[in-house]
Amino acid sequence: MINYAVEVNRLTKSFGTVTAVQDVSFKLESNKIYGFLGRNGAGKTTIMQMLTSQSFASSGEVKIFGEDPYENYNVLRQICFIKESQKYPDSFRIKDVLKVSEGIFPDWDEEYALKLIEDFQLPLNRTMKKLSRGMLSAAGIVVGLASRAPLTIFDEPYLGLDAVARGLFYDLLIEDYAMHPRTIILSTHLIDEVSKLLEHIILIDKGRLLLNEDADALRGRAYTVVGSTSSVQSFITGKEVIHLEPFVSMLSATIMGALKSEDRSLAAEMGLEISPVSLQQLVVHMTKSNLDEKVGNGR
Amino acid sequence: MGFEIDDSRPIFVQIAEKIEDDIMEKRLPEEAQVPSTNQFAAFYHINPATAAKGVNLLVDQGILYKKRGIGMFVAEGARGVLMEKRKTEFYEQYVITMIREAEKLGITTDQLTDMIRSGGKR
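Residues numbered from 1 in each chain as written. Chains lettered and ligands numbered in written order. Predicted model: local features only at pLDDT ≥ 70, side-chain atom pairs only at ≥ 80, totals over all residues. Heavy atoms only, no water.

Here's the deal with the overall build of chain A
Consideration 1: Counting its secondary structure elements, chain A contains twelve helices and 13 strands.
Consideration 2: Dimensions along the principal axes, computed over C-alpha positions, put chain A at roughly 65 × 40 × 40 Å.
Consideration 3: When the 299 residues of chain A are sorted by exposure, 49% land in the buried category.
Consideration 4: Put simply, 68% of the contacts in chain A that link residues at least 6 apart link residues at least 24 apart.
Consideration 5: Carbon and sulfur atoms form 50% of the exposed surface of chain A, whose accessible area is close to 14200 Å². (Helix = DSSP H or I, 4+ residues; strand = E, 2+ residues; numbered from the N terminus. Buried < 20%, exposed > 50% of the residue type's maximum accessible area, 1.4 Å probe, protein only. Contact = heavy atoms within 4.5 Å. Areas by Shrake-Rupley, 256 points an atom, 1.4 Å probe, with all protein chains shown as cover.)

Observations regarding the UniProt feature "domain: ABC transporter" (unreviewed entry) in chain A
Consideration 1: In the numbering adopted here, UniProt assigns the feature "domain: ABC transporter" (unreviewed entry) to residues 6–231 of chain A.
Consideration 2: The span residues 6–231 of chain A carries 33% helix and 30% strand; its end-to-end C-alpha distance comes to 47 Å. (UniProt positions renumbered as here; feature names shortened; annotations may be inferred.)

Regarding the UniProt feature "domain: HTH gntR-type" (unreviewed entry) in chain B
Consideration 1: Per the UniProt record, "domain: HTH gntR-type" (unreviewed entry) is annotated on residues 9–77 of chain B.
Consideration 2: Structurally, residues 9–77 of chain B is divided into 51% helix and 12% strand, and its ends, taken at the C-alpha atoms, are 28 Å apart.

Some words on the pattern of salt bridges
Residues and elements named next belong to chain A.
Consideration 1: Applying the stated criterion across every chain yields a total of 24 salt bridges over all chains.
Consideration 2: The partner of K239 in a salt bridge is D263, with the nearest N and O atoms 3.6 Å apart. Of this pair, K239 sits in the loop between α9 (229–235) and β11 (240–247) while D263 sits in helix α10 (residues 261–269), and the two are 24 residues apart along the sequence.
Consideration 3: By relative accessible area, D263 is classed as buried at 9%.
Consideration 4: Bridged by salt links that share partners, the residues D109, R148, D176 and R182 form one connected network. (Salt bridge = Lys/Arg side-chain N within 4 Å of Asp/Glu carboxyl O.)

Section: the interface of chain A and chain B
In many reports, interface size means the accessible area that the parts give up when they come together.
Consideration 1: Tallying the contact residues gives 20 residues for chain A and 19 residues for chain B.
Consideration 2: Carbon and sulfur atoms supply 51% of the area that chain A and chain B bury against each other, a total of about 1500 Å² over both sides.
Consideration 3: The largest contributions to the chain A side of the interface with chain B come from K196(A), D216(A) and R219(A), which together make up 41% of the buried area.
Consideration 4: A salt bridge links D7(B) to R219(A), with the nearest nitrogen and oxygen atoms 2.6 Å apart.
Consideration 5: The interface formed by chain A and chain B includes eight residue pairs in polar contact (both at pLDDT 80 or more).
Consideration 6: Examining the composition of the side of chain A that touches chain B, we find that four residues originate from one element, helix α6 (residues 163–179) of chain A, more than from any other.
Consideration 7: When its residues are assigned to classes, the side of chain A that touches chain B shows nine nonpolar, four polar and seven charged. (Buried area = accessible area lost by both parts, 1.4 Å probe. Polar contact = N/O pair within 3.5 Å; in protein donor to acceptor, adjacent residues only side chain to side chain. Nonpolar A, V, L, I, M, F, W, Y, C, P; charged D, E, K, R; others polar.)

Focus on the sheet that holds strand β4 (residues 59–64) of chain A
All names here are of chain A.
Consideration 1: Overall, antiparallel pairing links the three strands, which are arranged β2-β1-β4 in an open sheet. Of all strands in the sheet, those bounded by a partner on one side alone are β2 (18–29) and β4. Going across the sheet, the axis of each strand differs from the next one's by a mean of 15 degrees, ignoring polarity.
Consideration 2: Bridge count between strand β1 (residues 4–15) and β2: eight bridges; the pairing is antiparallel. Each residue of the ladder has a partner; that of K13, found in β2, is V21.
Consideration 3: Packing of helix α1 (residues 44–51) onto the sheet brings it into contact with β1, β2 and β4, and relative to β1 it is tilted by some 120 degrees. (Pairing = 2+ DSSP bridges. Axes fitted to C-alpha atoms, helices over the stretch in contact; angles between N-to-C directions.)

Section: the confidence of the model for chain B
As a general rule, the predicted coordinates of low-pLDDT regions are not to be interpreted in detail.
Consideration 1: Of all residues in chain B, 95% have pLDDT values of 70 or greater, and the mean over the chain is 90.
Consideration 2: Prediction confidence for the complex, expressed as pTM and ipTM, is 0.85 and 0.77 respectively. (pLDDT = per-residue confidence, 0-100.)

A few points about the environment of S137(A)
Residues and elements named next belong to chain A.
Consideration 1: Summarising the element assignment, S137 is placed in helix α5 (residues 133–146).
Consideration 2: When its relative accessible area of 6% is taken as the criterion, S137 is described as buried.
Consideration 3: Spatially, the C-alpha atoms of S137 and P157 are 6.0 Å apart, while their sequence positions differ by 20 residues.
Consideration 4: Beyond its immediate sequence surroundings of up to four residues, S137 is in contact with P157, Y158, L159 and L161.

A few points about the sheet that holds strand β12 (residues 250–256) of chain A
Residues and elements named next belong to chain A.
Consideration 1: In space, the four strands of this open sheet follow the order β11-β12-β10-β13, with antiparallel pairing throughout. Whereas interior strands pair on both sides, the edge strands pair on one side only; in this sheet they are β11 and β13 (273–276). Going from strand to strand, the sheet's axes swing by 20 degrees on average, the running direction of each strand aside.
Consideration 2: Judged from the seven bridges that link them, β11 and β12 form a sheet pairing that is antiparallel. Note that in β12 the partner of E240 across the bridge is M256.

Focus: the packing of aromatic side chains
Consideration 1: The full count for this structure, using the stated rule, is eight aromatic pairs over all chains.
Consideration 2: Seen in terms of ring centroids, F154(A) and F169(A) are 5.1 Å apart; in terms of plane orientation they differ by 70 degrees. Their pairing is edge-to-face. With F154(A) in strand β6 (residues 151–155) and F169(A) in helix α6, this pair connects stretches of sequence that are 15 residues apart.
Consideration 3: By relative accessible area, which is 0% here, F154(A) ends up buried.
Consideration 4: Seen in terms of ring centroids, F40(B) and Y44(B) are 6.4 Å apart; in terms of plane orientation they differ by 10 degrees. Their pairing is stacked. Taken together, the residues span about one helical turn, with F40(B) and Y44(B) both in helix α2 (residues 37–44) at a distance of four residues.
Consideration 5: Judged by its relative accessible area of 9%, F40(B) is buried.
Consideration 6: The cationic tip of K239(A) hangs over the ring face of F235(A); the distance from NZ or CZ to the ring centre is 4.3 Å. (Phe/Tyr/Trp six-rings, centres within 6.5 Å; stacked < 30°, edge-to-face > 60°. Lys NZ or Arg CZ within 6 Å of the ring centre and 35° of its normal.)

Quick look at the structure:
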């Protein structure tokens, strides 16, 4: 039997007349790294708030480790949720944050936390008020990693972090996850940076679940053909086109589906150029709303 | 084969190919121990589960085998098996393509054979 860390069933959240999350269902297996992707305002944070019982569902059900998380201390202490712009009281020093975290998380590793503080060069005695944006983010990352929480959620934890510090975060995450497997949800817009770390992708668009798939299964799922407009148009007939871009007398079309060898030879005969589509490009194409309708009509 | 993992093809397939290359180039001789999935994960910055999937692909093909509690090793005869596999791929990917292109250009089989002979001498 598969152990699920998270089970979400027909989850819906409305704010007045606005439906932020609509009928979303998915299950997250224990000890995998999940990428939670989607555009700003897609509903990702709202879903994560419902997972962690910081917000209530209008309808639907959430189960964390098989239990309802609402006012459930046993479940909640197994969750570590690191938010974008994590807030601690202004007068707290980093040292105090570690102290409090140690009290909350049963699997907290103090020695590891201090090692991370050194890795990110954080001043232990400085108060939150005097930390830079990047330092605040790094402090959140330290807590998220050292909590070793069975369900660890990072919601865009990198605000203000430079490329070096982000790279450090990814390396530490993989290294520690390998030693201490746990369920990790990484919500991010920097897909190219993290895609290799992700085992599974959940893509949310306009409050709905758009994709729920193995990351490796999505690689090579789409490809782009470029060439003269008429050749490309004849090549894409009968294919699922997710993006079209004309340029002078040329046309670039992104096609959903694996590239078959007969298509490859056909493209070569027609003088079309074929290029692969990365995970990030795929997600961008799939969530670029204004094109959906146009392309849909052309099918 | 590049050092970098590219994001447009399944990563587990690329890991399997890298190990195959190492065996072909004798960087990993038969009966040598293959790096652990965690070592692959750390080196290529990839998910350990994905690395494990790549390694298991080769276990299924009998290229690698598992020594319980120790790790993965290159099987005896693995290089020979890979050599045969690559020869088939060579025929399908290069030879067939070359013959098709030659037909398009009106090059006869004899002319093509001559070209290969003289090309090989260079």
